[in-house]
Amino acid sequence: MSAPPTRTVLAALLRKDLRVELRSFESVPAMALFSVTTFVLFHFGLRQDSLSGDLASGVLWVTLLFASVLGINRLFVADAEQGGFDGFLLSPADRSALLLAKALALLAYLVVLELVAVPAFALLLLKPSIGPALPGLLVVLALADIGVAVIGTLVGALAVRTRARDLLGPLLSLPMLVPVVLGAARATEPLFATHAGALPLRWLAILALYDLVFALIAFALFDFLLED
Amino acid sequence: MAVLAALELRALTRSYGERLALADLTVTLEAGQTLAVLGPNGAGKTTLLRLLATLLRPHAGELRVLGHALPQESWAVRGRIGLLGHEPLLYRELTARENLAFHAALHGVASDRAEQLLAAVGMERRADEPMRTLSRGMVQRVAVCRALLHDPELLLLDEPRANLDPAASELVEPLIGRSSGRTRVIVSHDPAGLLAEADLVLGLVRGRVRLLAPPDALDPSALSELYR
């Protein structure tokens, strides 16, 4: 029997993941709630409702990072607990379709998270208006989300096959995501300054390069992570 | 003309860490035949099924399935094996129809095959309900459909009639029974039922072969010895 087209498998995997999430609400609501709660805590904890510059950028990205880890930890759980891994491995489908589908699913979760988190951040903590920063911020969010999705998928696949997956997920993903958060925070910093500056291209290039390197690593390693 | 061997196991060994799960197993099964596997809990029965299904790698010995050496040529036999194990390999949040459409896409099978199978096991009226709302017997019927979607040459069955009432057992009989004409490996704790449909009986205890003979050559006391 020949393998089905990768595009068909990818569409089936992605449709399945989004359906499961839409019906179980296991990841995205937790991620969104965590980020909004964190902004509320910062709002009262810092006794400031008007952050700008590097502090605003840092608060936004660290919060998004920790919210992402919640999604990364849950990314493969339904597959591991309900036999989806075995079902996939028994099929002749291209293994890389699973990597791509999971990365796209996580990317979708991150986009929904940011649709909630960024307005909440602007409302609760940001001093300058979000409007002028928005086009630049969207570019940074896109590059950072790709990095989080690729690294998160790689780490999620590794952690879910272990007994200590709840511990291993954050332990592995947080150090690997530090360069993403650092690059994203530095790139966002001038956008959140009282007098908004230009988007620093150097940090965007670093983010893009980091995304590319990890995409290649994930593509090379993913098959081995799925095997016994 | 030589009959093609569907399974050839030579000194097959597999362990989990220090614990030997399967040791020095040598069996040959011809195409179209049924191997019955018996033994107490922890005997290595499920490990054997997972090795044959390409989900585990042997640690020593040789394993050929449908003429291909594993794990080197696993890609050539995936999609030709149907596994019906302890887990149904179905997502609880998806309906039976959605689960089967998902697995059909993984195997490159047209979705009308799923409809035929759902009708054959009497599940077409409940096929749009989430799996989590179905009884265990109904889930098992859908799992039978999932295992047979791609018309596998080799069926690996672990307690295939578990949770099925007599009427449901009759429904699945033409699909997974001897009359299906497929090569089968069946694990069960019901020796009486199993011997009637076996061409060869394998008894395992703590991963080692205690019994290997055609059913008509079996000493009845040897069977009861397996469970002492």
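Only a predicted model underlies this, so the values are computations on that prediction, with no experimental measurement involved.

Procedures and definitions
Residues numbered from 1 in each chain as written. Chains lettered and ligands numbered in written order. Predicted model: local features only at pLDDT ≥ 70, side-chain atom pairs only at ≥ 80, totals over all residues. Buried ≥ 20, exposed ≤ 12 C-beta atoms within 10 Å, placed from the backbone. Helix = DSSP H or I, 4+ residues; strand = E, 2+ residues; numbered from the N terminus. Arc of directions from axis to C-beta. Contact = placed C-beta atoms within 7 Å. Pairing = 2+ DSSP bridges. Axes fitted to C-alpha atoms, helices over the stretch in contact; angles between N-to-C directions. Nonpolar A, V, L, I, M, F, W, Y, C, P; charged D, E, K, R; others polar. Core = buried A, V, L, I, M, F, W, Y, C linked by C-beta atoms within 7 Å. Domains from an automatic or database assignment. pLDDT = per-residue confidence, 0-100.

1. Considering helix α6 (residues 166-176) of chain B
Residues and elements named next belong to chain B.
- Among the residues of α6, those classed as buried are Val172, Leu175 and Ile176. Looking straight down α6, one finds that the buried residues subtend no more than 70° of arc, so they occupy a single side. Opposite the packed face of α6, turned more than 90 degrees from it, sit the exposed residues Pro166, Ala167, Glu170 and Pro174.
- Looking at the buried residues of α6, the elements they touch are α4 (112-120), α5 (136-148) and β7 (154-158).

2. Considerations on the sheet that holds strand β5 (residues 68-69) of chain B
Residues and elements named next belong to chain B.
- Spatial strand order, β2-β1-β4-β5: four strands in an open sheet with antiparallel pairing. Both edges of this open sheet fall to β2 (19-30) and β5, since each of them pairs with a single strand only.
- Relative to β2, strand β1 (residues 5-16) runs antiparallel, the two being bridged by eight bridges. Within the sheet, the bridge partner assigned to Arg14 lies in β2 and is Leu22.
- Together, β1, β2 and β4 (60-65) form the strand contacts of helix α1 (residues 45-52), whose direction differs from that of β1 by roughly 120°.

3. Remarks on the pairing of β4 of chain B
Residue and element names in this part refer to chain B.
- One ladder, built from five bridges, connects β1 with β4; its direction is antiparallel. Counterpart to Arg10 in the pairing with β4 is Glu62.
- Summarising the sheet, β4 and β5 pair through two bridges and their orientation is antiparallel. If you follow Val65 over to β5, its bridge partner there is His68.
- In sequence, β4 turns back onto β5 through a hairpin of two residues, with Leu66 there showing a positive phi of about 50°.

4. A short note on the sheet that holds strand β3 (residues 34-38) of chain B
Residue and element names in this part refer to chain B.
- Taken together, the six strands give an open sheet; going across it, the order is β6-β7-β8-β3-β9-β10, and neighbouring strands pair in mixed fashion. Two strands close off the open sheet at either side, each with one partner strand: β6 (81-84) and β10 (208-213). Each strand of the sheet is rotated relative to its neighbour by a mean of 15°, with strand direction disregarded.
- Relative to β7, β6 is paired through four bridges, and the arrangement is parallel.

5. Focus: the interface of chain A and chain B
- Facing the 25 residues of chain A at the interface are 25 residues of chain B.
- Among the elements of the structure, α1 (6-24) and α5 (84-89) of chain A are those that each provide at least two residues to the side of chain A that touches chain B.
- A total of eight residues in the side of chain A that touches chain B trace back to one element, the largest contributor, which is α1 of chain A.
- Of the residues belonging to the side of chain A that touches chain B, the class tally is 12 nonpolar, eight polar and five charged.

6. What about the nonpolar core?
- Membership of the largest hydrophobic core comes to 151 residues, with the highest contact counts inside it found for Val37, Val144, Cys145 and Leu156 of chain B.
- By residue number, the principal contributor to this core is helix α6 (residues 96-124) of chain A, which donates 16 residues.
- Viewed by domain, this core spans two of them, domain 1 (1-80 + 153-165 + 175-228) and domain 2 (90-151) of chain B, each represented by three or more residues.
- Ignoring sequence-local partners within four residues, the contact set of Leu156 of chain B consists of Leu49, Leu52, Ala53, Ile81, Gly82, Leu83 and Val185 of chain B.

7. Some words on the confidence of the model for chain B
Residues and elements named next belong to chain B.
- Mean pLDDT for chain B: 93, with 99% of residues reaching 70 or above.
- Ranking the elements of chain B by mean pLDDT puts helix α8 (residues 220-226) last with 80 and α5 first with 97.
- Scoring of the predicted complex yields 0.91 for pTM and 0.91 for ipTM.

8. Overview of unusual backbone geometry
- Cis geometry marks the peptide bond from Leu70 of chain B to Pro71 of chain B; its omega dihedral reads 5°.
- Within the secondary structure layout, Pro71 of chain B lies in the loop between β5 and α2 (74-77).
- Residue Phe25 of chain A is not a glycine yet carries a positive backbone phi of 50°.
- Its location among the elements puts Phe25 of chain A in the loop between α1 and α2 (28-45).
- With a phi close to 70°, Asn163 of chain B is a non-glycine residue in the positive phi region.
- Within the secondary structure, Asn163 of chain B sits in the loop between β7 and α6.

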